[in-house]
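Structure at a glance
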Amino acid sequence: MVMSSVLAVVSLLLLQTGVQGFLVLFSGSSMNHLKITREAILQTTAKVCKQLASVEGRDFTLPPGPLTAESLALACSSSGSAKSFQSAISAVNRRNARVDFRHLFNGEYHFDGERFVEGRKLITDGVSSVKASIKQGNFEAARQKLGDILHTLQDFYSHSNWIELGNRFPHSNLIRSDVSDIGPVAGKCSHGGSFDQTSGKEPTGGINKDSLKSNHGNWHTAAAEVAVAATNQLLEDIRGAAGDIDFLRMMGISKNGSRALCFVIDTTGSMSDDIAAVRKTTSFIIDRKRGTPDEPSVYILVPFNDPDFGPLMRTTDPDVFKAQINALNAAGGDDIPEMSLSGLQLALTGAPPSSEIFLFTDAPAKDLDLMGTVTALIERTKSVVSFFLTGSLGLRRRRGSDQGQGQVQHSRMAVSDSQLYRELAQSSGGLAIQVTKTALPKATSIIVESSSSSLVTILQAVRSPGRADNFSFTVDESVRNLTAYVTGSSLSFTLTSPSGVSQSSAEVNGSLATIQTVGNFLTLGLDSQVGLWEISVSSTVAYSLKVVGQSAIDFLFDFVEVSQGPHPAFAVLESRPQAGGNATLLVSVTGSESVSLTEVALVEASGSGEVNGTLESVGGGDFLVTMDRIPAGEFVVRLRGENSATTRALPDIFQRQSSTRLRASTVMVTAKVESDLEPGTPFSLLFTVTTNGTGGSFTIRATNDRGFTSTSPTNLMLVTGVSANGTVTLTAPANTASGTDVTLTIEAESPGATDTNYAVLRLSVVSPVTDFSRPVCDVVSVTANCSDDCSLSMWELSANLTDGNGTGIERVTLRQGNGTLNTTTVEGAGNWTVTLAAYSASCCSPEVELVAVDGAGNVGTCFRSIRVTVDTTVQPPVTNAITENSITVTTTPIAATTTASRGHPLSLSLYLCSIMLVSVTLALSR
């Protein structure tokens, strides 16, 4: 039963396909995929933050009790990243869960049916894709692929007999590409369970360890613990390739918080005043928020003109962002309409999910064909888009009615032009602010508050056409900087506080609010009284109302499909939910361990109707919410609950609402992407369209944000209840950088444009990997002259690092050590390059670990400690970094808590209990 001399393991794999490993939902006291993934991400992230704090000379202290996204973000000195950290974990877990939903009978995704070679290839190819995506800054694509491969990796420990053989550490070759192919395996063993038709034959039963109640449930806990360690090992390999800063960014953690500042700017000739105002606003925001928890984590700029738009410019350096905006030149654009939706499409796909995006223009959109695509991207990314409409576009809309007849006719054109922007703003939960160019700086004050990492939406409503209406919203103790925004003209309102005090819109400086007006935009700075507020609005024209504040308590949500059976699973919908039936949401409460969820409802966006859901906890702060129907028109998601961490005698009730407006559809568009694109090679994607409504000829539009060449059908003939298939062929140019992502949107529009739906798919472009060899570290010398007072003495290390004939070493960094590292690259024998590393440190910092990364993302490490007198290297098995012919290696498992040659205890909260202690004797001949 030996697989090969390279693997040197024995593993009985599964005969029967179609059965999954660890559960996804409803696992009770058993560990499931979601718990395993969450625990491993928290452990690895804590380790990274601890190391960064050590390098930067900061203290790092984990809070007492179990780790959470909120407590760890605080310990990592990034409390503003708590929500984005939770969102990143959720994104990985949602894709992990999708594997059971999408690949029920694909054995390679679960290491079933002896699909060992295929399963490992899924993992190793996926790791290469993750590393390439991170290298290009495409963290969302990296999270998605990471979730896919973690499911398969974790299933190995439930579906093989690795645990029964006595192993309590990961099988490191599962994530390595630099090993030989695996030969045939002798011997089979049944999985067990209702799906397994072989479990009644000899040997009867099965070896699955999916839960405590499984056939081998007595091994479940051990299997889950090793699955956590294996997940940690894979994350460590990705961390090594990405570097600590980018690894944390993939996990949603940034030193400066989580919010992106994203501007989409018209650069035509008439926009010079607007660009000047944006420059002033940008400088103000950067200077005000620099060094605070609200400093944006990333800055994004997308210019557009006609016929050009882009490129998207993204930086984490605020001074670089200032320089990019200062370099904008306003010129051209004589025919008025501009490529504004093309620029917005780039921003929606290039910015992190749930971003605030601000678009500045004084012209209508030329690329109206992208309206459906942009709407779909808004719904899928849940980003908020606000428009600043200036010049003639803003002025004519406000002042046309009191001009001459000719001007009135021109105003009607302007109303039509600006209507598109208002509709997009309302769909996203943003604002369409119409002002003069001279008043623009005053209007942009909204950007300052919207760039806060802790911004939450408490209430949002639109009335179009306008009518009198009463609105209420609940403010809890955690909310500060309570603000209301109203857009519209010729309206009046009365505001009533929880204490019963009222203020009318005519009182600019009242007891409850300070009201500022610019153009059609009103800002109400409210006091943050806890309790139930009311606002009564009277208007005959369309208006919008939005109430926001700053709070740690918020929520994430997705519509999902749920499969039942022995292994319940779910997959996030990549489209609008289906009309005419029930729906399921997966809701996650973020920001506090002291809150309890009491209500989730779908609320009509332009009315008062609502549908309440049935809540079912699935652990980890996640809830499945079942709705027996969906509102017929546009709706938002509203959440209510109680916060037990209160200073009041009464329960502290909180209310949150989604900014994005959603709708159901009778049309369904589905597509499955299970592989990456290769540069220069056509990629074909099959999609399916079905309708429960009226059949006929449906218009099909397939667009992508990279401008890649593509072909697709322009229409499909549908019969009610019968599916029709189509194919999109997409080709990335041959020179496309590996790790580039492309967002493909496939729309299907019913006859007469009465209904529409879409599928939004994020794909990665990955070049074939030919370099599988890890960099090699050869320690040349270590000199130490340490005294009793370590602060008065130094030690030094020199090492040669090579990559053979591979892609070459790209960088060498410190993972451990507080000393100074200098590197020099020289030509070695055989035209190989050698990186010479010279490290020096105080004897108070007695360990060093170098990390070398080559162009393909292969990682090699080199560890040295001067605490002992013999040469040692300690590293996980995944990073064999030293040439075999120069060492003698023996391996023994480290106990759960011990003291290794590193000289400090290995705590389970920070280090893997399954790390192998590798004792190395260097055969140096110098």
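Conventions adopted
- Residues numbered from 1 in each chain as written.
- Predicted model: local features only at pLDDT ≥ 70, side-chain atom pairs only at ≥ 80, totals over all residues.
- Heavy atoms only, no water.
- Pairing = 2+ DSSP bridges.
- Helix = DSSP H or I, 4+ residues; strand = E, 2+ residues; numbered from the N terminus.
- Axes fitted to C-alpha atoms, helices over the stretch in contact; angles between N-to-C directions.
- Core = buried A, V, L, I, M, F, W, Y, C linked by side-chain atoms within 4.5 Å.
- Buried < 20%, exposed > 50% of the residue type's maximum accessible area, 1.4 Å probe, protein only.
- Contact = heavy atoms within 4.5 Å.
- Polar contact = N/O pair within 3.5 Å; in protein donor to acceptor, adjacent residues only side chain to side chain.
- pLDDT = per-residue confidence, 0-100.
- 1 Å grid on protein atoms, 1.4 Å probe; cavity = no way out; pocket = protein on both sides within 12 Å on 5 of 7 lines; lining within 4 Å.
- Points joined across faces, edges and corners; volume = space filled by probe spheres on them.
- Phe/Tyr/Trp six-rings, centres within 6.5 Å; stacked < 30°, edge-to-face > 60°.
- Lys NZ or Arg CZ within 6 Å of the ring centre and 35° of its normal.
- Disulfide = S-S within 2.5 Å.
- Parallel < 35°, antiparallel > 145°, perpendicular 65-115°, else oblique.
- Left-handed = near helix turned anticlockwise from the far one by under 90°.
- Nonpolar A, V, L, I, M, F, W, Y, C, P; charged D, E, K, R; others polar.
- Salt bridge = Lys/Arg side-chain N within 4 Å of Asp/Glu carboxyl O.

**Thoughts on the sheet that holds strand 21 (residues 614-619)**
Spatially, 17-16-18-22-21 is the arrangement adopted by the five strands of the open sheet, whose pairing is antiparallel. The open sheet has two edge strands, strand 17 (569-572) and strand 21, and neither has a second partner. Geometrically, the sheet is characterised by an average inter-axis angle of 40° between neighbouring strands, direction not taken into account. In the sheet, strand 16 (residues 554-563) pairs with strand 17 via four bridges, with the strands oriented antiparallel. Looking at strand 17, one finds that V562 is bridged to F570.

**A word on the sheet that holds strand 19 (residues 595-604)**
Strands pair in a sheet through their backbones, by hydrogen bonds, and they do so in one of two ways: parallel or antiparallel. Judged by pairing direction, the sheet is antiparallel, and its four strands sit side by side in the order 20-19-23-24 without closing on themselves. Each edge of the open sheet carries a strand with a single partner, namely strand 20 (610-612) and strand 24 (652-657). When strand polarity is set aside, the average angle formed by the axes of neighbouring strands in this sheet is 25°. Across nine bridges, strand 19 lies against strand 23 (residues 635-643) in antiparallel orientation. Bridge pairing links L597 to G641 in strand 23.

**A short note on the nonpolar core**
Counting 52 residues, the largest nonpolar core has F85, L146, L153, Y157, L234 and M250 as the members making the most contacts within it. Counting only elements with at least two residues in this core, the list comes to helix 1 (33-55), helix 2 (69-75), helix 3 (82-102), helix 4 (116-135), helix 5 (139-159), helix 6 (220-242) and helix 7 (244-250). When residues of this core are assigned to their parent elements, the largest contribution, 11 residues, is made by helix 6. The residues touching F85, leaving out its near neighbours within four places in the chain, are I41, L42, T45, A69, L72, M251, G252 and I253. Listed in part, the 31 residues of the second largest apolar core include I300, V302, L346 and I357.

**A look at unusual backbone geometry**
A cis amide bond, omega 15°, links D306 with the succeeding residue P307. If you trace the backbone, P307 turns up in the loop between strand 2 (298-304) and strand 3 (313-315). With an omega of 0°, the peptide bond running from G310 to P311 counts as cis. Secondary-structure assignment places P311 in the loop between strand 2 and strand 3. At N481, a position not held by glycine, the phi torsion is positive, near 50°. As for its placement among the helices and strands, N481 is situated in strand 9 (residues 480-487). In this model, A753 sits at a positive phi of 55°, which is unusual for a non-glycine residue.

**Some words on the side chain of Q460**
Along the chain, Q460 turns up in strand 7 (residues 455-463). Residue Q460 is classed as buried on the basis of its relative accessible area of 11%. A polar contact of 3.2 Å, which involves the side chain of Q460, links it to the backbone oxygen of G429. In this structure Q460 touches Q426, G429, G430, L545, K546, Q657 and S659, once residues within four positions along its chain are discounted.

**Side note on the confidence of the model for the chain**
Detailed reading of the predicted model is not advised wherever pLDDT is low. On average, residues of the chain score 83 in pLDDT, and 84% of them are at 70 or above. Averaged pLDDT values for the elements of the chain fall to 25 in strand 41 (residues 916-922) and rise to 97 in strand 30 (residues 724-731). When the criterion is pLDDT under 50, residues 869-926 qualifies, and its contacts beyond four places in sequence or with other chains add up to 125 contacts.

**Some thoughts on empty space enclosed by the protein**
Here the structure, examined in full by the defined rule, presents 11 cavities of 30 Å³ or more. As a volume, the largest cavity reaches approximately 150 Å³. Along the walls of the largest cavity sit 15 residues, with S128, K131, I175, S177 and N858 positioned nearest its centre. Considering each element in turn, the lining of the largest cavity owes the most residues, four residues, to helix 4. The calculated volume of the second largest cavity comes to roughly 110 Å³. Around the second largest cavity, the lining comprises 14 residues; the ones closest to its centre are E379, R380, F559, S575 and L662. Of all the secondary-structure elements, those providing two or more residues to the lining of the second largest cavity are helix 11 (371-381) and strand 16. The biggest single contributor to the lining of the second largest cavity is strand 16, with three residues.

**Side note on the packing of aromatic side chains**
Within the structure shown, the criterion is met by 18 aromatic pairs. Cluster of aromatic residues (ring-pair linked, three or more members): F111, F116, F156, Y157, W162 and F169. The aromatic ring of F557 is capped on one face by K382, whose charged end is 4.9 Å from the ring centroid.

**A short note on the state of the cysteines**
Tallying each qualifying case throughout the model produces four disulfides. A disulfide bridge connects C777 with C862, and the sulfur atoms are separated by 2.2 Å. Negative torsions about the S-S bond denote left-handed disulfides, and the value of about -50° found for C777 with C862 makes this one left-handed. Placement of C777 in strand 33 (residues 776-784) and of C862 in strand 39 (residues 859-865) is noted, with a sequence separation of 85 residues between them. Like C777, the residue C862 is buried in the burial classification. Two residues, C790 and C844, share a disulfide whose sulfurs are 1.9 Å apart.

**Side note on the packing of helix 1 against helix 6**
It is at 9 Å that the axes of helix 1 and helix 6 come closest, and there the two elements cross at 45°. Judged by the angle between their axes, helix 1 and helix 6 are oblique. Regarding helix 1 and helix 6, the two cross each other, and that crossing is right-handed. Counted together, I36, E39, A40, I41, Q43, T44, K47, V48 and Q51 of helix 1 and A224, A227, V228, T231, N232, L235, E236 and R239 of helix 6 form the full contact between these two elements. When grouped by side-chain class, the residues that make up the contact of helix 1 with helix 6 number eight nonpolar, five polar and four charged.

**Some remarks on the pattern of salt bridges**
Tallying each qualifying case throughout the model produces 39 salt bridges. In this structure, E140 engages R143 in a salt bridge whose closest nitrogen and oxygen atoms are separated by 2.7 Å. Placement of the pair is E140 and R143 together in helix 5, with a separation of three residues, close to one helical turn. Neither E140 nor R143 differs from the other in exposure class; each is buried. The shortest N-O distance in the salt bridge between K437 and D362 comes to 3.4 Å.

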